[in-house]
Amino acid sequence: MSLDRFAPAIFVLLWSTGWVVAKYAALHSEPFTFLAVRYALSALAFFSLCLVMRAAWPGRAVAFKAIYSGVFLHGFYLAGLWWAIANGVPAGISGIIAALQPLLTAMAAPLLVGERLQGVQRLGLLLGFLGIAIAISPKLVDPATADLAHAALPLAINLIAMCSVTYGTLYQKKHLQTGNLLPIATLQYVGALIVTLPLMLTFERMHFDASAQAIAALIWSVFGLSMGGVGLLLYLIRRGQVSRAASLIYLMPPTVALEAFIAFGEPLTLPLILGTVVVVAGVYLTNRPASVPSRDMAAMRRA
């Protein structure tokens with residue numbers, strides 16, 4: 001019960017630090033190289049934890065599904081996102097694209113996993129997207145975003161990355177609802193490596209300067225993000241509606257902005273504050289417990 005109550009807040013705090021870590025990591029490593037090292041260490045860390053906990057490993061069919069989900073949930077998603085930002089996609093536009101994920105998840109969930117949100121929950125998703133648009137609106141009129149023609153390919157890759165994590169989340173909900181999460185997470189990082197290693201070997205010089213900052217970013221990426229954040233995401237997907245879990249993504253840009261204010265002194269703008277209020281209201285509505293229809297309540301009383 002305690003984990004169910006606090007898991008969403010802990011997830012948001014952990015996951016949001018990924019943007020700050022990426023800012024440091026980009027100064028010390030190429031994106032695919034950093035991600036490949038992160039995935040390899042994450043798989044090793046989860047595997048070690050499986051040995052310590054004596055976790056039961058899934059059968060061949062479930063193992064394949066775990067690897068397959070990792071290809072999309074981690075591999076294509078972060079590879080596409082990091083590459084797009086490194087090749088000219090402005091942060092404001094990337095934030096809007098990321099904020100489309102909960103809406104896309106809600107639209108696809110009825111078709112892929114049979115989930116349907118109530119009207120107030122759908123309203124919450126729309127409010128969340130509106131809040132994100134308000135929060136990052138100053139960035140959309142920044143001169144750096146005026147000419148996006150040269151970034152057509154990175155924008156397309158960014159969109160594909162968002163679709164990838166959405167599909168991976170829904171696949172996780174539909175096919176990996178049983179079994180120990182530790183072996184599943186281990187195999188998912190194997191799937192991520194299947195994507196990232198060829199990209200690193202093909203397009204990069206495998207630069208990683210091994211400075212103290214790079215090592216610190218890598219350690220936090222493995223234990224704070226890959227183990228802590230992703231572990232909680234898998235737990236939330238299993239315990240509740242996938243659309244409600246995805247709605248927490250709306251809280252990331254405002255949380256990152258607050259962290260950037262503390263860490264780097266970046267200003268908190270009025271649109272950001274107003275947008276954050278709208279986002280919090282939207283996430284609250286989306287994650288409200290579903291009401292029980294009156295006839296179902298009557299049947300429960302008779303029972």
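Remember, predicted model here, so these are calculated numbers, not experimental data.

## Regarding the packing of aromatic side chains
Piece 1. Applying the stated rule across the entire model yields twelve aromatic pairs.
Piece 2. Geometrically, the ring pair formed by tyrosine 68 and tyrosine 167 is edge-to-face, given 6.2 Å between the ring centres and 85° between the ring planes. Here tyrosine 68 is found in helix H3 (residues 60-86), whereas its partner tyrosine 167 is found in helix H7 (residues 152-175), with 99 residues between them in sequence.
Piece 3. The class for tyrosine 68 is partly exposed, based on a relative accessible area of 28%.
Piece 4. The structure contains a cluster of three or more aromatic residues connected by ring pairs, namely Phe64, Tyr68, Phe72, Phe76, Tyr167 and Tyr171.

## Quick notes on the environment of leucine 234
Piece 1. With respect to the secondary-structure elements, leucine 234 resides in helix H9 (residues 212-239).
Piece 2. Of the residues examined, leucine 234 reaches a relative accessible area of 2% and is grouped as buried.
Piece 3. Distance in space between the C-alpha atoms of leucine 234 and leucine 181 is 7.6 Å, their sequence separation being 53 residues.
Piece 4. Here leucine 234 is in contact with Leu73, Gln172, Leu181, Ala185 and Gln188, once residues within four sequence places are set aside.

## Some thoughts on the packing of H3 against H7
Piece 1. Interhelical geometry of H3 versus H7 gives an angle of 155° and a closest axis separation of 8 Å. As far as their axial angle goes, H7 and H3 are roughly antiparallel. Here the hand of the crossing between H3 and H7 comes out left-handed.

## Describing unusual backbone geometry
Piece 1. The backbone of arginine 54 sits at a positive phi, close to 55°, despite the residue not being glycine.
Piece 2. Looking at the secondary structure, you find arginine 54 in the loop between helix H2 (31-53) and H3.
Piece 3. The backbone of methionine 206 sits at a positive phi, close to 60°, despite the residue not being glycine.
Piece 4. One can find methionine 206 in the loop between helix H8 (181-203) and H9.
Piece 5. Residue classification places methionine 206 among the partly exposed residues on the basis of a relative accessible area of 46%.

## Side note on the nonpolar core
Piece 1. Counting 49 residues, the largest nonpolar core has Phe11, Tyr39, Tyr77, Leu78, Trp82 and Leu248 as its most contacted members.
Piece 2. For this core, the secondary-structure elements that each account for two or more residues are helix H1 (2-25), H2, H3, H7, H8, H9 and helix H12 (270-286).
Piece 3. When residues in this core are grouped by element, the largest group, eleven residues, is from H9.
Piece 4. When residues no more than four places from it in sequence are discounted, the contact partners of tryptophan 82 are Ala22, Ala25, Pro31, Phe34 and Leu35.

## Things to note about the environment of methionine 162
Piece 1. Examined against the element boundaries, methionine 162 turns out to sit in helix H7.
Piece 2. Under the relative-accessibility criterion, methionine 162 is labelled buried at 7%.

## Observations concerning the confidence of the model for the protein chain
Piece 1. On average, the protein chain scores 79 in pLDDT, and the residues at 70 or more come to 73%.
Piece 2. Below pLDDT 50 for its whole length, residues 292-303 participates in two contacts with residues either more than four positions away or in separate chains.

## Thoughts on H9
Piece 1. Taking 1.5 Å of rise per residue, 28 residues should cover 40 Å, and H9 covers 38 Å from first to last C-alpha, within 8% of that figure.
Piece 2. Of all the bends in H9, the largest measures some 35° and sits at serine 221.

## Remarks on a nonpolar patch on the surface
Piece 1. On the surface, a cluster of nonpolar side chains totalling about 780 Å² of accessible area is made up of Leu258, Phe261, Ile262, Leu268, Leu270, Ile273, Leu274 and Val277.
Piece 2. Of all the secondary-structure elements, those providing two or more residues to the nonpolar patch are helix H11 (252-264) and H12.
Piece 3. Broken down by element, the nonpolar patch gets its largest block of residues, four residues, from H12.
Piece 4. Among the structural elements, leucine 270 can be located in helix H12.
Piece 5. Overall, leucine 270 belongs to the exposed group, its relative accessible area being 58%.

## As for the packing of H2 against H3
When two helices pack together, their arrangement is given by the angle between the helix axes and by the axis-to-axis distance.
Piece 1. Relative orientation of the contacting elements H2 and H3 amounts to 150°, with a least axis distance of 9 Å. When the axis of H2 is compared with that of H3, the two are roughly antiparallel. Viewed along their axes, H2 and H3 form a crossing whose handedness is right-handed. Contact with H2, carried on its side by Pro31, Phe32, Phe34, Leu35, Arg38 and Tyr39, involves His74, Gly75, Leu78, Ala79, Trp82 and Trp83 of H3 and no other residues of that element.
Piece 2. Partitioned by chemical class, the residues of the contact of H2 with H3 number nine nonpolar, two polar and one charged.

Here is what the cut-offs are and how they apply
Residues numbered from 1 in each chain as written. Predicted model: local features only at pLDDT ≥ 70, side-chain atom pairs only at ≥ 80, totals over all residues. Heavy atoms only, no water. Phe/Tyr/Trp six-rings, centres within 6.5 Å; stacked < 30°, edge-to-face > 60°. Helix = DSSP H or I, 4+ residues; strand = E, 2+ residues; numbered from the N terminus. Buried < 20%, exposed > 50% of the residue type's maximum accessible area, 1.4 Å probe, protein only. Contact = heavy atoms within 4.5 Å. Axes fitted to C-alpha atoms, helices over the stretch in contact; angles between N-to-C directions. Parallel < 35°, antiparallel > 145°, perpendicular 65-115°, else oblique. Left-handed = near helix turned anticlockwise from the far one by under 90°. Core = buried A, V, L, I, M, F, W, Y, C linked by side-chain atoms within 4.5 Å. pLDDT = per-residue confidence, 0-100. Expected span 1.5 Å × (residues − 1). Bend = angle between axes of the 7 residues up to and from the residue. Patch = residues over 30% accessible without salt bridge, like charges linked within 9 Å, V, L, I, M, F, W, Y side chains within 5 Å. Areas by Shrake-Rupley, 256 points an atom, 1.4 Å probe, with all protein chains shown as cover. Salt bridge = Lys/Arg side-chain N within 4 Å of Asp/Glu carboxyl O. Nonpolar A, V, L, I, M, F, W, Y, C, P; charged D, E, K, R; others polar.

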